[in-house]
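# Close look at the chain arrangement
Here is what each chain is made of, one letter per residue.
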Amino acid sequence: MGWLHTWAGVVLGSVMFAMFWMGSLSVFDREIDRWMMPATRLAAAPADFSLDRSVLPIAQELAAASPQWGISLPTERTPVLRLNYVGADKQRARRDFDPTTGALIADQGTLGGTGFIYPFHYMLHIKWRQLGYWIVGVAAMAMLVLLVSGVIIHKKIFTDFFLFRPKKQLQRASLDLHNLTGVLGLPFHFVMVLSGLIIFMGIYFPTAPLATYADTPDAKKAFSGDAYGRYNRDKANQPGSLASLDGMVASAEQQWQGGRPFFVRVINPADANSVVEVRRSSASDIMVNLDQIYFDGTTGAVLSRFEAAPVMTVQRFISGLHLVQFKHWALRWIYFVLGLSGCVMIATGFIFWLEARRASHAKKGLKGVRIVEALTVGSVTGIIASTAMFFVANRLLPLDAQWLGYERPQLETGAFYLLWLASFAHAALRPRRAWREQTAAIAVLAVLAVLLDALTTHDHLSTVMRGQWAAVGMDGVLLLAAVIAAFAGRHMAQRKPVLRAVRSPSRNPELEHG
Amino acid sequence: MADPLLLIVAAGAAYLGFALFALSQSRHWQQVAPSHVAQPPQKKALRLLGSLALALSLSCACLRDGPAFGPVLWLLLLSVAAPLLVFTLSWRPHWLRRLAQRLATSDPRHSESIKRGPMQRG
């Protein structure tokens, strides 16, 4: 069991760290959006907000030629109106509006937390043949194996339950921390990894619907219609006008017994057979529901109503545990902290592997430790520094930035990927100093991001007054990250003599398992 | 006002529960309380008190968030409280000294265990 744990961990640890890191940040993806898109740091939408008055005029102007348009309603975490439509140039377009004034918010030129960090978490931005999803899936399966095998090879779980000896040598201390985060975070990590796999059942089991829907022409479509809901009807090809959207929303809220909508879509808006789809928000449940009601656009009569079947309800509950779409700030912070504890678990696993082999590999002339150490440094401190670089680039680039034919969002992600690549090269070239120099880079970049935010958004101190907690929290966490990185760097520097001492032949055989 | 209070009590009780469980292990008792001060209390009693504290934590979490969110909040609070306690034991063990002194007994029957001291773990 030890060899399984070791090999799975060393081979896939880098991918897992990236998933855990980006997943932890995704818990606050919308807060990161607010920070990266300063123009969307708005006050909460007014209570008497009206779709007919605020949205309809905008949609009829912008999306006149669009076969359908959708509007995401403002929430506490995303206080903007977001309109999706197909523009006159046949391209999909997305525009944000201030719900209070109806003013168009200038494109902020960034993918932000929801567009870059969150998809990175589950598909690594590798779109080719869904390869990213599959790499993540394999890593998640490996993580399940690692969690279980870790419990099995850890012989004294209850005796060592509260054991952490930071003053011992690095190898022992990192194993303690690895066990600690692994055992105490086990319920959270196991549920998160498993539920992550269950969310993407359609990708990991692409042919499963064929078994049940074998006699229907398009099995996948039939399955997803039954599972996730879908309604449409043919155009009448006669002009029609929309009834009150506010009336349909009120009717939906009544049918959901107070459940709030979060998304409204209008299909064939100018046709006599228009359809209005209203989807229910999941803010008050753990489950991410699939409740949707379809109205006849011209009369406001209910055409179809969908709620998930019992099996799908279980799937949606498990998904909901993972996706944290509910409104619960205490749980959101705990998710963030426990996600990061998973990062610590992976990083300390790597460090233990390295320390347990450093002396013997040096003696036998093996390259393993050097390669894995470069890989570890790049995938632990490297990705953290690159994320900070992503934030710095966001605040440095002007709104209309363009360079070598790349648009602003690509320049931001380019900065991320370039620094990440460089961090691996740096770790390979300067193995002795890589940890220290990269933690220093994290601290500098994080502080720089906060300073740049203060400089570029001007109204900085007043954000606290105006209750812009997303931006305030983001700055606070960046500063905290800088402090932790600085401490970790100093610790690494002080550890150096101890590291050399470990190189001497007096190894502790007890620590050599695996 | 009740919500933050219940959250604090739920988190505090989880931390206290784990502290009692840790003190029921000789290794951690000695980390916290210098052995000459008083005798360690009975392990079973400590563990019972610890379980009661964890149950209090669950009740507060359920009272605050209901039967759906309550248990989730409680389980995750445990996963945060336990490492915090471990870090206290490693870096600031004296924070728990007063708790240990309160719990210590002067019952001579238990003096055996202290003589055997660090050898007897569990």
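Presented here is a report on the structure given in the accompanying data block. (Residues numbered from 1 in each chain as written. Chains lettered and ligands numbered in written order. Predicted model: local features only at pLDDT ≥ 70, side-chain atom pairs only at ≥ 80, totals over all residues. Heavy atoms only, no water.)

A few words now on the packing of helix α7 (residues 170–184) of chain A against helix α8 (residues 186–199) of chain A. All names here are of chain A. One can describe the packing of α7 onto α8 by two numbers: an axis separation of 4 Å at closest approach and a directional angle of 65 degrees. Contacts from Thr 181, Gly 182, Val 183 and Leu 184 in α7 reach Leu 186, Pro 187 and His 189 in α8. Looking at the contact of α7 with α8 residue by residue, the class counts come to four nonpolar, three polar and no charged. (Axes fitted to C-alpha atoms, helices over the stretch in contact; angles between N-to-C directions. Helix = DSSP H or I, 4+ residues; strand = E, 2+ residues; numbered from the N terminus. Contact = heavy atoms within 4.5 Å. Nonpolar A, V, L, I, M, F, W, Y, C, P; charged D, E, K, R; others polar.)

As a further point, take the interface of chain A and chain B. Contact residues are listed per partner, giving 26 residues for chain A and 25 residues for chain B. Both sides of the chain A and chain B interface together cover about 2,100 Å² of buried area, and 77% of this is carbon and sulfur. Considering only the surface of chain A that becomes buried against chain B, A:Phe162, A:Phe164 and A:Leu184 emerge as the three largest contributors, covering 30% of it. Counting across the interface, chain A meets chain B through one salt bridge. A salt bridge links A:Asp160 to B:Arg27; its shortest N-O distance comes to 3.0 Å. Viewed at the interface, chain B and chain A are joined by seven residue pairs in polar contact (both at pLDDT 80 or more). (Buried area = accessible area lost by both parts, 1.4 Å probe. Salt bridge = Lys/Arg side-chain N within 4 Å of Asp/Glu carboxyl O. Polar contact = N/O pair within 3.5 Å; in protein donor to acceptor, adjacent residues only side chain to side chain.)

Residues and elements named next belong to chain A. Counted according to the given criterion, the structure contains 19 salt bridges over all chains. A salt bridge links Glu 277 to Arg 265; the nearest nitrogen and oxygen atoms lie 2.8 Å apart. One end of the pair, Glu 277, is in strand β6 (residues 275–280); the other, Arg 265, is in strand β5 (residues 261–267), and 12 residues separate them in sequence. Of the residues examined, Glu 277 reaches a relative accessible area of 3% and is grouped as buried. A residue is classified by how much of its surface remains accessible, and Arg 265, at 24% relative accessible area, is partly exposed. Each of the salt bridges in this network shares a partner with another, and the network as a whole consists of Asp 29, Glu 31 and Arg 77. (Buried < 20%, exposed > 50% of the residue type's maximum accessible area, 1.4 Å probe, protein only.)

A separate point is the sheet that holds strand β4 (residues 104–105) of chain A. All names here are of chain A. As summarised here, the arrangement of the eight strands in space is β4-β3-β2-β1-β5-β6-β7-β8, forming an open sheet in which the pairing is antiparallel. Whereas interior strands pair on both sides, the edge strands pair on one side only; in this sheet they are β4 and β8 (302–306). Inspection of the sheet shows strand β3 (residues 92–97) paired to β4 by two bridges, in the antiparallel sense. Among the inter-strand pairings, Phe 97 is bridged to a residue of β4, identified as Leu 104. Contacting β1 (68–72), β5, β6, β7 (292–296) and β8, helix α12 (residues 245–255) crosses the sheet at an angle of about 140 degrees to β7. (Pairing = 2+ DSSP bridges.)

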